[in-house]
Amino acid sequence: EAEAGKLAYRAIQRAQSNLEKEGIRVTHCALLLASGKTLPNFENILASHALIHTADGVLFREALFCAATRCGLKIIKIRERELLETGRQTLLVQPAALLRRLTQLGKPFGSPWSQDEKFATLAAWIALRGVPKRIQVNP
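The residue numbering used here restarts from 1 in each chain and proceeds along that chain's sequence as written. The predicted origin of the model limits local features to residues at a pLDDT of at least 70 and limits the giving and counting of side-chain atom pairs to 80 or more, whereas totals for whole chains, interfaces and linings rest on all residues. The basis for the side-chain values is all heavy atoms of the structure; hydrogens and waters are excluded.

Caption draft 1: Region of interest: the side chain of Thr121. What counts as a helix is a DSSP run of H or I of at least four residues, what counts as a strand is a run of E of at least two, and both are numbered from the N terminus. Here Thr121 lies in helix α6 (residues 115–129). Residue classification places Thr121 among the buried positions, given a relative accessible area of 16%. The cut-offs for exposure are 20% and 50% of the maximum accessible area for each residue type, with area from a 1.4 Å probe on protein chains only; residues under the lower value are buried, those over the upper are exposed, and the others partly exposed.

In structure tokens form, the structure reads like this:
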């Protein structure tokens, strides 16, 4: 946990510093959350390959959250399964249209431009736009 936290903090700090040299101030970030299921005890996690990956995700999300907080960023947490609806409410664009725009946006970048990249981009748009108070995104 400590090492993941240090690495995340250094990476965010480095990105902030590099972007500030270009005249861009980073103030917000979005963190996509998984389903939120409670993990079993450590022995059961180690007994399941799938749970090991789930636990990794929890570890790194927590490290990123702590690092972003230390770097002074405003953090918007969004459950992945609620992302398109949050995008619809925040950006006032229907989910199908959002997905089309995200797909078009990635064309110049080439592969990979998978769901992960599309969802990260949408989460960033939401963070930059600012989520209306009526939407709960910080579980």
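Caption draft 2: Expanded view of the pattern of salt bridges. Whenever a carboxyl oxygen of Asp or Glu lies within 4 Å of a side-chain nitrogen of Lys or Arg, that contact is scored as a salt bridge. Applying the stated criterion to the full structure yields one salt bridge. Where Glu85 meets Arg88, a salt bridge forms, and the shortest distance between an N and an O atom there is 2.5 Å. Taken together, the positions of Glu85 and Arg88, both in helix α4 (residues 83–91) and three residues apart, correspond to about one turn of that helix. You can call Arg88 partly exposed: its relative accessible area is 28%.

Caption draft 3: Layout of the state of the cysteines. Cysteine sulfur atoms that come within 2.5 Å of each other are treated as a disulfide pair. Within the structure shown, the criterion is met by zero disulfides. For the unlinked cysteine Cys66, the closest cysteine sulfur is that of Cys71, found at 11 Å.

Caption draft 4: Region of interest: a nonpolar patch on the surface. What makes a patch is a set of residues exposed beyond 30% relative accessible area and free of salt bridges, joined within 9 Å when like-charged and within 5 Å when nonpolar (Val, Leu, Ile, Met, Phe, Trp, Tyr). Shrake-Rupley sampling with a 1.4 Å probe provides the accessible areas, and residues are treated as covered by the protein chains on show and by no other component. Taken together, the side chains of Phe42, Leu46 and Ile52 present a nonpolar region at the surface, about 300 Å² in accessible area. Relative to the helices and strands, Phe42 is located in helix α2 (residues 42–46).

Caption draft 5: Up close: unusual backbone geometry. Here the amide bond leading from Ser111 into Pro112 is cis, since omega sits at -5 degrees, within 30 degrees of zero. Mapped onto the secondary structure, Pro112 falls in the loop between α5 (95–106) and α6.

Caption draft 6: Structural view of the nonpolar core. Membership of the largest hydrophobic core comes to 13 residues, with the highest contact counts inside it found for Leu32, Ile78, Leu83, Leu122 and Ile126. Of all the secondary structure elements, the ones that give two or more residues to this core are β2 (74–79), α5 and α6. If one sorts the elements of this core by residue count, α6 sits on top with five residues. Apart from the residues lying within four places of it in its own chain, the contact partners of Leu32 are Arg61, Ile78, Leu83, Phe119, Ala120 and Ala123. Put simply, a nonpolar core is a bunch of buried Ala, Val, Leu, Ile, Met, Phe, Trp, Tyr and Cys residues held in one set by side-chain atoms that sit within 4.5 Å of each other. Core analysis: the second largest hydrophobic core is formed by twelve residues, Ala8, Tyr9, Ala63 and Ile75 among them. Two residues form a contact once any of their heavy atoms are found within 4.5 Å.

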